[in-house]
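Close look at the chain arrangement
Here are the chains, one letter per residue:
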Amino acid sequence: MREGHQGTGPGAITPDGCAVELYSRLPVGVEPDIVAAAVPEGARILELGSGVGRMTHPLLERGFGVTAVDESAEMLERVRGARTICSPIEDLDLGERFDAVMLASFLVHAGDVEVRRGLLRTCARHVAEDGCVLIQREGADYHTNLPRERVDPSGFTIRILSADPVGDGVNSVRAQYEFPDAVWTQTFRARPLTREQFEEALGEAGLAVDRYLTDDGTWVRAVPVRQR
């Protein structure tokens, strides 16, 4: 397990506390539509942290070529139709460049600054000169007004139970997913980032914001600085 991360519930648990069976159940949501609108038709996409393919499969259905990367072999076993690579994201160096690189699931908020830098360097290393990097950020209130819960229309409840400071601007976040037949929890470390801090982190990796894709600023299209 990665330091400060753990998970409980049925089935395999990944090094960052994610439950494979849980992520196999989660609905797709609007994310594939956001991605599809931000990249060229038929683009080659490098998906960093693909998990079980919750976004991979809808993107394949839309005609994109997807290379799915995850550090969990158990997660990748659930991916169908895409090239898969089992590796920690921060260590990845394929010697290839892609039309789009995708870093979703709030990974940019990694509690360890060096891990975050490694993630963003991997994005920059693999994006084509005229390509883009699509990043998912936390919402502005992600760490506040807790506990809170949301009942998904498909019939399960997501709860963010707590976000407790552990030093150096990092919080230990505890989440719970309750289904009629099973309950999973995940504890992970996350670093809240203001928009300025986020853009500064991009700059360190040679990236810059092209535009914010959603009104709440949670999805961002970044480009190599050399494009600007």
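Residues numbered from 1 in each chain as written. Predicted model: local features only at pLDDT ≥ 70, side-chain atom pairs only at ≥ 80, totals over all residues. Heavy atoms only, no water.

In the nomenclature of an unreviewed UniProt entry, the protein chain is known as Methyltransferase domain-containing protein of Streptomyces coelicolor.

A short note on the sheet that holds strand 10 (residues 182-190)
The following threshold applies: The rule for pairing is simple: two strands pair if DSSP sees at least two bridges between them. Here a helix means four or more residues in a row that DSSP labels H or I, a strand means two or more in a row labelled E, and each is numbered from the N terminus. With axes taken as lines fitted to C-alpha atoms, and helix axes fitted only over the stretch in contact, angles between N-to-C directions fall between 0 and 180 degrees.
Strands sit in the order 1-10-9-8-7 across an open sheet of five strands; the sheet is antiparallel. Taken across any chain shown, the strands that pair with only one partner, and hence form the sheet edges, are strand 1 (6-8) and strand 7 (148-151). Averaged over all neighbouring strand pairs, the angle between strand axes comes to 15 degrees, with direction disregarded. Sheet topology note: the strand 9 (residues 170-179)/strand 10 ladder contains nine bridges and is antiparallel. Residue pairing for strand 10: Ala175 is matched across the bridge by Gln186.

Some thoughts on the side chain of His5
Defined as follows: The cut-offs for exposure are 20% and 50% of the maximum accessible area for each residue type, with area from a 1.4 Å probe on protein chains only; residues under the lower value are buried, those over the upper are exposed, and the others partly exposed. Contacts are assigned to residue pairs that have any heavy atoms within 4.5 Å of one another.
Relative to the helices and strands, His5 is located in the segment before strand 1. Judged by relative accessible area, which is 17%, His5 ranks as buried. Contacts of His5, omitting those with residues within four sequence positions, involve Pro15, Asp16, Gly17, Thr187, Phe188 and Arg189.

Concerning the sheet that holds strand 12 (residues 219-224)
A sheet is described by the order of its strands in space; here seven strands give the open sequence 4-3-2-5-6-12-11, paired in mixed fashion. Two strands lie at the open edges of the sheet, namely strand 4 (83-86) and strand 11 (207-212), each paired on one side alone. In this sheet, adjacent strand axes meet at a mean angle of 25 degrees when their direction is disregarded. As paired elements, strand 2 (residues 44-48) and strand 5 (residues 98-103) share four bridges and run parallel to each other. Bridge pairing in strand 5 places Leu46 opposite Val101. Here helix 5 (residues 113-126) sits on the sheet in contact with strand 2, strand 5, strand 6 (127-136) and strand 11, set at roughly 145 degrees to strand 6.

Focus: the pairing of strand 5
Stated formally: Call a crossover right-handed when, viewed with both strands pointing away from you, the route from the first strand across the helix to the second goes clockwise.
Among the six residues that make up strand 5, five are buried, leaving the element largely enclosed by the rest of the structure. Where strand 5 lies against strand 6, five bridges are found, and the strand directions are parallel. Directly across from Val101, in strand 6, lies its bridge partner Val133. As for the winding sense of the linkage, the β-α-β connection from strand 5 through helix 5 to strand 6 is right-handed.

Thoughts on the environment of Val35
Its location among the elements puts Val35 in helix 2 (residues 31-38). By relative accessible area, Val35 is classed as buried at 0%. In this structure, the C-alpha to C-alpha distance between Val35 and Arg226, residues 191 residues apart in sequence, is 22 Å. Discounting chain neighbours no more than four positions away, the residues touching Val35 are Ile45, Met55, Leu59, Met102, Leu134 and Trp219.

Considerations on the packing of aromatic side chains
Put simply, the rule is: Only Phe, Tyr and Trp rings are paired, with Trp represented by its six-membered ring, and only when their centres lie within 6.5 Å; those with planes under 30 degrees apart are stacked, over 60 edge-to-face, the remainder tilted. Whether a charge sits over a ring depends on NZ of Lys or CZ of Arg being within 6 Å of the ring centre and within 35 degrees of the ring normal.
Scanning the model with the defined rule gives three aromatic pairs in all. A centroid spacing of 5.4 Å and a plane angle of 65 degrees characterise the contact between Phe106 and Tyr142, whose relative ring orientation is edge-to-face. With Phe106 in the loop between strand 5 and helix 5 and Tyr142 in the loop between strand 6 and strand 7, this residue pair connects regions lying 36 residues apart in the sequence. Each ring, one from Phe156 and one from Phe179, has its centre 4.6 Å from the other, and the planes form 10 degrees; the classification is stacked. A residue pair is termed long-range when its members are at least 10 positions apart, and Phe156 in the loop between strand 7 and strand 8 (157-167) and Phe179 in strand 9 qualify at 23 residues. A residue is classified by how much of its surface remains accessible, and Phe156, at 2% relative accessible area, is buried. For Phe179, a relative accessible area of 11% translates into the label buried. Across the ring face of Phe198, the terminal group of Arg137 is positioned such that the distance to the ring centre comes to 4.9 Å.

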